[in-house]
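Listed below, chain by chain, are the residues.
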Amino acid sequence: MTLYQNLIDGDWVGGAETSRDVNPSNLGDVVGEYVRADQAGARAAIAAARAAFRAWARGSLQDRADLLDRVGDEILRRAEELGTLLAREEGKTLPEGIGEAKRAGYLFKFFPGEVVRQSGERLDSVRPGIVVEITREPLGVVGIITPWNFPLAIPAWKIAPALAYGNCVVFKPADLVPGCAWALADILARAGVPKGVFNLVMGRGATVGEAIIGSPVVEGVSFTGSVETGRAIARKVVERMGKIQLEMGGKNPLVVLDDADLPTAISCAVNGAYFSTGQRCTASSRLIVTAGIHDRFVRAMTERLETLVVDDALRKGTEVGPVVDQTQLDQDLSYIALGQREGARLAFGGERLKRDHEGYYLQPALFTETTNAMRINREEIFGPVATVVRARDYDEALALANDTPFGLSSGIVTTSLKHARHFQRNSQAGMVMVNLPTAGVDYHVPFGGRKASSYGPREQGRYAREFYTTVKTAYVAS
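A quick note: this is a predicted structure, and the numbers were derived from the prediction, not measured. (Residues numbered from 1 in each chain as written. Predicted model: local features only at pLDDT ≥ 70, side-chain atom pairs only at ≥ 80, totals over all residues. Heavy atoms only, no water.)

Participant: Explain the sheet that holds strand S7 (residues 130-138) residue by residue, including any values.
Facilitator: One open sheet holds the three strands; their spatial order is S6-S7-S23, and the pairing between them is antiparallel. On the outer flanks of this sheet lie strand S6 (121-124) and strand S23 (469-477), each paired with one strand and no other. This sheet shows a mean twist of 20° between the axes of neighbouring strands, independent of strand direction. Pairing geometry for S6 and S7, over four bridges, is antiparallel. Bridging across to S7, leucine 123 finds its partner in valine 132. (Pairing = 2+ DSSP bridges. Helix = DSSP H or I, 4+ residues; strand = E, 2+ residues; numbered from the N terminus. Axes fitted to C-alpha atoms, helices over the stretch in contact; angles between N-to-C directions.)

Dropping the structure here:
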């Protein structure tokens, strides 16, 4: 079996410890064996990035733009291959995997334009004879720590802007999904990224992650993951006066009003709650439904769930793949048991499933008769589990939607322009969807939330520069 190594200072580097990447649809299928870096390897990567920074930041903008463009081109050419790899190691269905690969390619294709579009300001001082110039400069060395649920798209939307704005990168992917990270690093290396500018250090958070967040050389850390881990990282990075960007959890509401088109509501709810096996921070985990449509909605949801195909991620026709691993499966099952103990009605699903191969298959679960005070409505489950909360009317539905410690994404299904516009203005979320699933965003616009969901500048699009650059103000006597 090929041993996939880390990329440090332009060289592929081995190590003493390895991990096996196993297909959650078929536990007998080993995707590959990957080297885990240790703290010494992480420190070497950081040192290499620091040494490469000056030349990269002050080098040719056209060379930088061309590099990112080449990376995007190759990802798009290999979208089916990369999507298959993603489906094998993470459990997304093949169409979802290919779609994510294409999104990663488009992200790299977007940022070459931003390389040459960087601009500043020139102002006259309030003092005669002085000119003020306001410019943006790269941070320096940036640590990027990504989760397992989007192993191509999330690294792409962090790495592409980091490089575009002149930073050097030390990238630690989730230990659970090293395959896509290695493939992305290989594409960058063959595209001609200069040594030290981009470094891949696979491994455990307790070793590699700690080395990155604790290093005074790392000027900024961009992290996507759990709230608990994000808060711990923030404390350590801020303590040493580093810059931090956090994308964390969600408990996203989808409000369905009495006047909603029922097929649209069901489509939005099933897509948002269960596709990608519910393993999305933007998933519609709370379905807040007003009284007049509630019973019809629950019946239609149950009927749709009965036909939902749960199977091998690579099998044609599969709509929902397996849960990513045993730990996540155990967490999902524990929340399903908790919901029943709390008094919620398990209207559908929640059972472990058997398929042709041993895998982490879970029947999508739907709870009804829930209250917003239940833990299953307060805590992020991160699996194919959704709840229905009954609301009297729009006003109560809006209040319930906002009654959460999270604020990433929210949605409403309605034919009322009045309610749609009011919800858009008054939903306490960073992203609002009208007659669309709460999950599913574009690559060229800002991504991020409020409250415990996000901290620091937004990701993606032009707004990415807020994190990956710092502002300089210069006064010049003319």
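Participant: Pulling in residues and values, what's your account of the packing of aromatic side chains?
Facilitator: A complete count under the given rule lists 11 aromatic pairs for this structure. When the centroid spacing of 5.0 Å and the interplanar angle of 85° are considered together, the rings of phenylalanine 110 and phenylalanine 111 count as edge-to-face. No difference in accessibility class separates phenylalanine 110 from phenylalanine 111, as the two residues are buried. Relative to tyrosine 165, the ring of phenylalanine 111 lies with its centre 6.4 Å away and its plane at 80°, an arrangement referred to as edge-to-face. (Phe/Tyr/Trp six-rings, centres within 6.5 Å; stacked < 30°, edge-to-face > 60°. Buried < 20%, exposed > 50% of the residue type's maximum accessible area, 1.4 Å probe, protein only.)

Participant: Go over the sheet that holds strand S13 (residues 253-256), please, and point to the residues and values.
Facilitator: Taking strand neighbours across the sheet as the criterion, the seven strands line up as S15-S16-S17-S14-S13-S19-S20 in an open arrangement whose pairing is mixed. The two strands at the open ends of the sheet, each matched to only one other strand, are strand S15 (345-348) and strand S20 (431-434). This sheet shows a mean twist of 25° between the axes of neighbouring strands, independent of strand direction. Looking at chain direction, strand S16 (residues 365-370) and strand S17 (residues 385-391) are connected through four bridges and run parallel. Considered in S17, the bridge of threonine 370 is made with valine 389. Packing of helix H11 (residues 326-341) onto the sheet brings it into contact with S15, S16 and S17, and relative to S16 it is tilted by some 25°. Strands in contact with helix H14 (residues 417-426) are S13, strand S19 (409-413) and S20; relative to S19, the strand with the most contacts, it is inclined by about 170°. (Contact = heavy atoms within 4.5 Å.)

Participant: Kindly report on the layout of surface pockets, identifying the contributing residues and their values.
Facilitator: Looking at the largest pocket, its volume works out to about 1,100 Å³. Forming the walls of the largest pocket are 42 residues, and the residues nearest its centre are Trp148, Phe223, Gly225, Ser226 and Thr229. Elements with a minimum of two residues in the lining of the largest pocket: helix H7 (205-214), strand S11 (218-224), helix H8 (227-239) and H11. For the lining of the largest pocket, the element with the highest residue contribution is H8, accounting for seven residues. In terms of residue class, the lining of the largest pocket is made up of 20 nonpolar, 13 polar and nine charged. Quantified by volume, the second largest pocket comes out at close to 460 Å³. Around the second largest pocket sit 20 residues that line it, and Gln118, Arg136, Glu137, Pro138 and Tyr165 are the ones nearest its centre. Sorting the residues of the lining of the second largest pocket by element identifies helix H1 (39-57), helix H2 (61-77), helix H4 (94-117) and S7 as the ones contributing at least two each. (1 Å grid on protein atoms, 1.4 Å probe; cavity = no way out; pocket = protein on both sides within 12 Å on 5 of 7 lines; lining within 4 Å. Points joined across faces, edges and corners; volume = space filled by probe spheres on them. Nonpolar A, V, L, I, M, F, W, Y, C, P; charged D, E, K, R; others polar.)

Participant: Residues and numbers for empty space enclosed by the protein, please.
Facilitator: Where empty space is left can be seen by rolling a probe of water-molecule size over the atoms. Summed over the entire model, instances satisfying the criterion amount to two cavities of 30 Å³ or more. When its volume is computed, the largest cavity comes out at roughly 90 Å³. The wall of the largest cavity is formed by 14 residues, among which Gly278, Arg280, Ala283, Ser285 and Phe382 lie closest to the centre. Here the lining of the largest cavity is composed, by residue class, of six nonpolar, six polar and two charged. Approximately 70 Å³ is the volume attributed to the second largest cavity. Forming the boundary of the second largest cavity are 14 residues, of which Pro253, Ala401, Thr404, Phe406 and Gly407 lie nearest the centre. Mapped onto the lining of the second largest cavity, the elements with two or more residues apiece are helix H13 (394-402), strand S18 (406-407) and S19. Residues belonging to the lining of the second largest cavity are distributed by class as follows: five nonpolar, eight polar and one charged.

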